[in-house]
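Now for the letters of each chain:
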Amino acid sequence: MYQSRSPHLMKPEDLLQRLSPIHTQKCTVGCPVLDRFLGGGIPCNSITELVAESGCGKTQISLQLLLSAQLPVSLGGLSGSSLYLYSESPFPVRRLHQLSSSFPTLHNPLDKILTHPLHSAHQLFDVLSQLDSLLSSRHDSPSSPPIKLIVIDSVAALFRFEFENNPRDLKQRSGLFFRISSKLKEQARCFGLAVVVINQVVDVMNDSDGLRIGNSTCLYTSERKVCAALGLSWANCVNTRLFLSRQEERIAQGDDDCFSTQTRRFIRVAFAPHLPDSYCEFVITREKVFGLER
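These numbers come from a predicted model, not from an experiment.

What counts and what doesn't
Residues numbered from 1 in each chain as written. Predicted model: local features only at pLDDT ≥ 70, side-chain atom pairs only at ≥ 80, totals over all residues. Heavy atoms only, no water. Helix = DSSP H or I, 4+ residues; strand = E, 2+ residues; numbered from the N terminus. Buried < 20%, exposed > 50% of the residue type's maximum accessible area, 1.4 Å probe, protein only. Areas by Shrake-Rupley, 256 points an atom, 1.4 Å probe, with all protein chains shown as cover. Pairing = 2+ DSSP bridges. Axes fitted to C-alpha atoms, helices over the stretch in contact; angles between N-to-C directions. Contact = heavy atoms within 4.5 Å. Salt bridge = Lys/Arg side-chain N within 4 Å of Asp/Glu carboxyl O. pLDDT = per-residue confidence, 0-100. Right-handed = clockwise from strand over helix to strand, strands pointing away. 1 Å grid on protein atoms, 1.4 Å probe; cavity = no way out; pocket = protein on both sides within 12 Å on 5 of 7 lines; lining within 4 Å. Points joined across faces, edges and corners; volume = space filled by probe spheres on them. Nonpolar A, V, L, I, M, F, W, Y, C, P; charged D, E, K, R; others polar.

1. Re the overall build of the chain
A tally of helices and strands in the chain yields nine helices and 14 strands. Within the chain, the fraction of its 294 residues that count as buried is 48%. Carbon and sulfur atoms make up 52% of the accessible area of the chain, which totals about 15500 Å².

2. Concerning the sheet that holds strand β14 (residues 289–291)
The nine strands are arranged β5-β4-β6-β7-β3-β11-β12-β13-β14 in an open sheet whose pairing can be described as mixed. A single partner strand is all that each edge strand has here, and the edge strands are β5 (113–117) and β14. Between one strand axis and the next, the sheet turns by 25° as a mean value, whatever way the strands run. Relative to strand β6 (residues 147–153), strand β4 (residues 81–86) is paired through six bridges, and the arrangement is parallel. By the bridge assignment for β6, Leu83 is matched with Ile150.

3. A short note on helix α4 (residues 93–100)
Taken as a whole, α4 has its buried residues at Arg95, Leu96, Gln98, Leu99 and Ser100. Packed against the buried residues of α4 are α3 (58–68), β5 and β13 (279–284).

4. Remarks on the pattern of salt bridges
Side-chain pairs of opposite charge can arise whenever the charged atoms involved come near each other. Applying the stated criterion to the full structure yields twelve salt bridges. Note that Asp169 is salt-bridged to Arg168, the shortest N-O span being 3.6 Å. Note on Asp169: relative accessible area 11%, which makes it buried. Arg168 sits in the exposed class, given a relative accessible area of 57%.

5. Here's the deal with the confidence of the model for the chain
Do not read the fine detail of predicted coordinates wherever pLDDT is low. A residue-level look at the chain finds 88% of positions with pLDDT of 70 or above and a mean pLDDT of 89. Taken as a whole, residues 1–8 scores under 50 in pLDDT and shows one contact with residues more than four places along the chain or in a different chain.

6. Looking at the pairing of β4
For β4, the tally of buried residues reaches six of six residues, placing the bulk of the element in the interior. Burial of β4 is two-sided: the residues Ser81, Leu83 and Leu85 facing one way and the residues Ser82, Tyr84 and Tyr86 facing the other way are all buried. In this fold, β4 hands off to α4, which returns the chain to β5; that crossover is right-handed.

7. Some details on empty space enclosed by the protein
Per the stated rule, a full pass over the model turns up one cavity of 30 Å³ or more. Volume-wise, the largest cavity comes out at about 40 Å³. Classifying every residue of the lining of the largest cavity gives eight nonpolar, no polar and no charged.

8. Comments concerning the sheet that holds strand β8 (residues 201–203)
In space, the three strands of this open sheet follow the order β8-β10-β9, with antiparallel pairing throughout. Unpaired on one side and paired on the other, β8 and β9 (219–221) mark the two borders of the sheet. Within this sheet the neighbouring strands show an average axis-to-axis angle of 50°, counted without direction. With three bridges joining them, β9 and strand β10 (residues 224–228) adopt antiparallel strand pairing. From the neighbouring strand, Thr221 faces β10, where its bridge partner is Arg224.

Quick look at the structure:
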């Protein structure tokens with residue numbers, strides 16, 4: 001049988017290899033333990049969601065990503081700047097400055113982070129729609145580093161009060177979910193961006209509320225059963241979901257009946273096309289966020 005040796009012909013497995021996140025550029029988290037856990041870091045060309053209750057470290061990890069994205073590609077970074085869209089509180093510039101001490105090779109790292117406040121889900125879509133020109137100009141400019149990371153903190157807060165719990169509003173909300181995610185995925189693919197969105201959790205009151213999404217039948221944090229906010233429609237909009245949790249442990253102090261409380265934090269793969277169901281413990285210090293070897 002004759003077999004063509006033309007270099008322009010591709011096999012089906014070649015196409016799958018190109019689409020696989022395993023072969024996609026990734027952004028280091030700034031810690032080799034967490035990078036190994038995540039298969040190299042946060043992937044470009046897709047949306048990664050960090051979902052957790054307050055105090056688990058999702059914003060801390062996002063801030064560290066704003067710095068690590070500036071590292072050269074040889075060190076696991078993206079050699080680029082970042083855009084941080086925030087909706088709930090003032091931008092934590094003081095905390096970012098603390099974390100920057102762990103990146104001594106970066107020159108004026110805060111200058112390479114663009115920020116913009118958000119007040120509604122519709123405003124988020126408008127900002128993303130106007131972002132193409134900025135992404136294009138920064139991508140083609142030799143003087144300014146291209147934007148390579150977008151962080152949205154948090155997407156759940158934008159939808160919390162804007163829509164009522166009725167069929168009409170829920171349909172509009174789902175439509176806006178897909179418009180926002182489609183725009184983010186389009187920009188991620190076109191400009192090679194890593195996109196990180198932060199989501200919150202809601203308590204699961206009974207088993208019927210705990211619809212299985214991904215690897216885990218149920219998620220626990222602070223001894224509570226929870227699930228990601230925004231439901232199944234939003235879950236279908238993200239490529240990777242990482243669940244962060246915390247638990248308090250009592251530690252005996254000497255021989256007395258005195259105890260202290262220690263907070264332990266974990267990050268777990270809820271679903272991802274390139275990662276197995278696994279978890280990793282991590283620690284937040286004044287200087288950085290880092291994972292612990294198991």
